[in-house]
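Secondary and tertiary structure notes
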Amino acid sequence: MPTLGFSTRSAILQMVNVSTRLASAMRCNALRFDCTLRNAPYGLRQRTDTGSRQRPPEEARVWTERMLAALGHGVQGSKWHSLIDKVYRPAVLQAAWQRVRRNKGAAGVDRISIQRFESQKQRYLDELHAELKTGQYQAHPVKRIEIPKGDGKTRPLGIPTVKDRVVQAAVKSVIEPIFEAEFLPMSYGFRPGRGCKDALREVSQYLAAGYHWVVDADIQGYFDNIPHQTLMQQLQQRISDGRLLSLIEHFLKQDIMADAKRWTPTQGTPQGAVLSPLLANLYLHPLDVLMQGEDMQMIRYADDFVVLCKTQQAAARALAQIRKWTEQNGLTLHPDKTHLGNCLEAGQGFEFLGYRFEAGRRTVRRKSMNRLREAIRQRTRRTSGKSIERIIAELNPVLRGWFGYFKHARHGVFGTVDAFVRRRLRSILLKRNKGSGVGNSTQVSFRWKNAYFAERGLFTLKEAHALASQSR
């Protein structure tokens, strides 16, 4: 079998860069606004925008040079055999554990935390190796909790046990390169070396090129409604290892526990499971293939996608194709969140990954602003006993993270956020000094000027934007 050159082999190896991007509800300090699966505290929708990253050295243990060559040239019958032995290989399980440990997260129904697993990791990993090798492995039920969305509604989040997350991470590291070799460039969500900013950059480029007619589609309850049978058929097109397929199906049918209730799902894949992002991308891959055309450009981040077109006719055709495909594949478009319009016209814009594109402007969507304000309020309660310096120290990571993602928005928003932050801080100082008035009054503003907060290290978005503009 021919050997690939170093550059080609390195490029393929890069695809094996696996990281679990679905954070659990307990990771409340990871505020990277509007870039993961909507599980942030204070109603902040988060997605992880990683960009290009270095491949962890342990990933090379999964795919050998011979396997990489076969991946590049294809395998007989286009199907992969004998993969389960790579899942339970000790080195692969060890690498999977390291990824789970890095991603932290809460304990599952067995109450074994990351710290407890680490204290006896070799014993647990040996047990998993033996159970997977002999076919005796049984997954635990998934603990379901409800995460606030910020609009009064909640979103279900599944928390598998640490053991199950390790096994799923091992499975993912083995099968991900097989499907990554086929996924199209229009897909950006939860893929190695890709992120929100890449998708947003693509949207901006197509808008500048005249693709102004937009289909803004939303699949209703996507993760909870993926049909198991159709998903398994897609997996079987590339994988013929029966034991591995049975293991994946076992994860799809894991019991779910919420409070005192327990049930077995008949469809869907839990948001929070390590395998879910890959399986979700796999299920929508045929839609990606369908939406290829010179007069339409689809940009997708998991189940969130837009189709940009040059004409109204092309947009109408795209929407009709999407409706037909979703109906044929057991999914439903949200009737209130799916629309077609010319984004150059006021009132016909669209929202994508936290931004709103309308009338030639790129602004921060209202929900994203509300989530930021709520995060600021949580850290600037007037009853807080913390020093103003400590409050500022806790605010700064939130403000920096938000600016890092939204720095390309219309510049007027940054001064508005800065004013809101200082008003909250002045209200704290006013209460402590038993003064009267409100935080934005002229008298209070004169008493604690902007320089007062600057001296204590407050990060200001307006200044950060000015510096960023000078460096362009």
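What follows covers the overall build of the protein. Helix and strand counts for the protein come out as 19 helices and 11 strands. Counting only residues that meet the buried cut, the protein has 53% of its 472 residues in that class. Taking contacts inside the protein between residues at least 6 apart in sequence as the whole, the part at least 24 apart equals 72%. Of the roughly 21400 Å² that the protein leaves accessible, carbon and sulfur atoms contribute 47%.

This part is about the confidence of the model for the protein. Chain-level statistics for the protein give a pLDDT mean of 85 and a share of 84% at 70 or above. Segment residues 1-55 is flagged for pLDDT under 50; beyond a separation of four residues in sequence, or across chains, it makes 166 contacts in the model.

All right, on to the pairing of strand β7 (residues 304-309) then. Consecutive side chains along a regular strand alternate between the two faces of the sheet. Of all the six residues making up β7, six are buried; the element is thus mostly covered by neighbouring parts of the structure. Here β7 shows two buried faces, one formed by D304, V306 and L308 and the other by F305, V307 and C309. Pairing between strand β3 (residues 213-218) and β7: six bridges, direction antiparallel. Each residue of the ladder has a partner; that of W213, found in β7, is C309. Of the strand pairs in this sheet, strand β6 (residues 296-301) and β7 are connected by six bridges, and their pairing is antiparallel. Residue pairing in the sheet places M298 in a bridge with V307 of β7. Taking the residues between adjacent antiparallel strands as the criterion, β6 and β7 are bridged by two residues, where A302 takes a positive phi near 60°.

So, on to the environment of F305. Take F305: it is sitting in strand β7. Put simply, F305 and A199 are 106 residues apart on the chain and 9.7 Å apart in space, counted from C-alpha to C-alpha. Ignoring anything within four residues of it in the chain, the contact list for F305 reads V215, D216, A217, I219, L287, M298, I299, R300, I322 and F352.

Okay, the packing of aromatic side chains next. Here the structure, examined in full by the defined rule, presents 16 aromatic pairs. Of the aromatic side chains, those joined through ring pairs into one cluster are F350, Y355, F357, W402, Y405 and F406. Over the face of the ring belonging to Y188 we find R194, whose NZ or CZ atom lies 4.6 Å from the ring centre. Taking NZ or CZ as reference, R456 lies 3.7 Å from the ring centre of Y452, over its face.

The next point concerns the nonpolar core. In terms of nonpolar packing, the biggest core is built from 78 residues, with V166, V171, I175, Y222, L244, L247 and V307 touching the most fellow members. If you tally residues by element for this core, the top one is helix α7 (residues 162-180), at 10 residues. Those residues in contact with L247 that sit more than four places away from it in its chain are I84, L132, Y137, V167 and V171. Counting residues in hydrophobic clusters, the runner-up holds 53 residues, among them Y188, F357, L399 and L430.

Another point: the pattern of salt bridges. What the rule picks out here adds up to 20 salt bridges. Of the charged contacts, one joins E127 and R123 as a salt bridge, the two residues approaching to 3.3 Å between their closest N and O atoms. Of this pair, E127 and R123 are both found in helix α6 (residues 121-134), four residues apart, which corresponds to roughly one turn of the helix. Given a relative accessible area of 29%, E127 falls into the partly exposed group. Taking the relative accessible area as the measure of exposure, R123 reaches 44% and is therefore partly exposed. For K386, the salt bridge identified is with E394, shortest N-O distance 3.0 Å.

Next up on the list: the sheet that holds strand β8 (residues 339-342). With antiparallel pairing, four strands are arranged side by side in an open sheet as β6-β7-β3-β8. Because the sheet does not close on itself, it has two edges, and the strands there are β6 and β8. Along the sheet, successive strands turn relative to each other by an average axial angle of 20°, direction set aside. Where helix α8 (residues 196-208) meets the sheet, it contacts β6 and β7, and its direction lies at approximately 160° from that of β6.

Another point: helix α16 (residues 412-432). Along an α-helix, a turn takes 3.6 residues, which lines up residues three or four apart on a common side. Helix length check: α16 (21 residues) gives 31 Å between terminal C-alpha atoms against 30 Å at 1.5 Å per residue, within 8%. K434, located one to two residues past α16, shows a positive phi value of around 55°.

Here we come to unusual backbone geometry. With phi around 50°, S82 is a residue other than glycine that occupies positive phi space. Tracing the backbone through its elements, the reader meets S82 in the loop between α2 (65-73) and α3 (84-87).

Okay, the packing of helix α4 (residues 90-103) against α6 next. Where α4 meets α6, the axes come as close as 10 Å, and the angle between the chain directions of the two elements is 130°. As judged from the angle between their axes, α4 and α6 are oblique. Both α4 and α6 take part in a crossing whose hand is right-handed. Between α4 and α6, the residues in contact are P90, L93, Q94, W97 and Q98 and K121, L125, L128, H129 and L132, respectively. Tallied by class, residues from the contact of α4 with α6 come to six nonpolar, three polar and one charged.

A word on the pairing of strand β10 (residues 355-358). Only one face of β10 is buried: it carries Y355 and F357, and the other face, with R356 and E358, is open. The pairing of strand β9 (residues 350-352) with β10 spans three bridges and is antiparallel. Paired with F350 across the two strands is F357, which belongs to β10. Following β9, the chain reverses through two residues before pairing antiparallel with β10; L353 in that reversal takes a positive phi of roughly 50°.

Cut-off values and rules
Sequence positions are assigned chain by chain, starting from 1 and proceeding in written order. Where totals are concerned, whole chains, interfaces and linings use all residues; where local detail is concerned, this predicted model gives features only for residues with pLDDT of at least 70, and gives and counts side-chain atom pairs only at 80 or more. Each side-chain value is derived from all of the structure's non-hydrogen atoms; neither hydrogens nor water enter the calculation. Working definition: helices are DSSP H or I runs of at least four residues, strands are E runs of at least two. Numbering for both runs from the N terminus. Throughout this description, buried means an accessible area under 20% of the type-specific maximum (1.4 Å probe, protein chains only), exposed means over 50%, and partly exposed covers the range between. The contact rule is simple, with two residues in contact once any of their heavy atoms fall within 4.5 Å. Here the Shrake-Rupley method, with its probe set to 1.4 Å, supplies the accessible areas, and only the displayed protein chains count as covering residues. pLDDT measures how confident the predictor is about each residue, on a scale from 0 to 100. At least two DSSP bridges between two strands are needed for those strands to be called paired. Note on ring pairs: Phe, Tyr and Trp rings are taken, using the six-membered ring of Trp, and paired if centres are within 6.5 Å. Classes follow the plane angle, with under 30 degrees stacked, over 60 edge-to-face and the rest tilted. Sitting over a ring, as applied to charges here, requires NZ of Lys or CZ of Arg to be within 6 Å of the ring centre and within 35 degrees of the ring normal. Nonpolar core, defined: a set of buried Ala, Val, Leu, Ile, Met, Phe, Trp, Tyr and Cys residues in which side-chain atoms within 4.5 Å join the residues together. One speaks of a salt bridge when a side-chain nitrogen belonging to Lys or Arg is within 4 Å of a carboxyl oxygen belonging to Asp or Glu. To get an axis, fit a line to the C-alpha atoms, keeping to the stretch in contact for a helix; angles then go from 0 to 180 degrees between the N-to-C directions. Expected helix span is taken as 1.5 Å per residue step, with the number of steps being one fewer than the number of residues. We call two directions roughly parallel when the angle between them is under 35 degrees, roughly antiparallel when it is over 145, roughly perpendicular when it lies between 65 and 115, and oblique otherwise. A clockwise turn of the near helix away from the far one marks a right-handed crossing, whereas an anticlockwise turn of less than a right angle marks a left-handed crossing. Residues are grouped as follows: Ala, Val, Leu, Ile, Met, Phe, Trp, Tyr, Cys and Pro are nonpolar; Asp, Glu, Lys and Arg are charged; all remaining types, including Gly, are polar.

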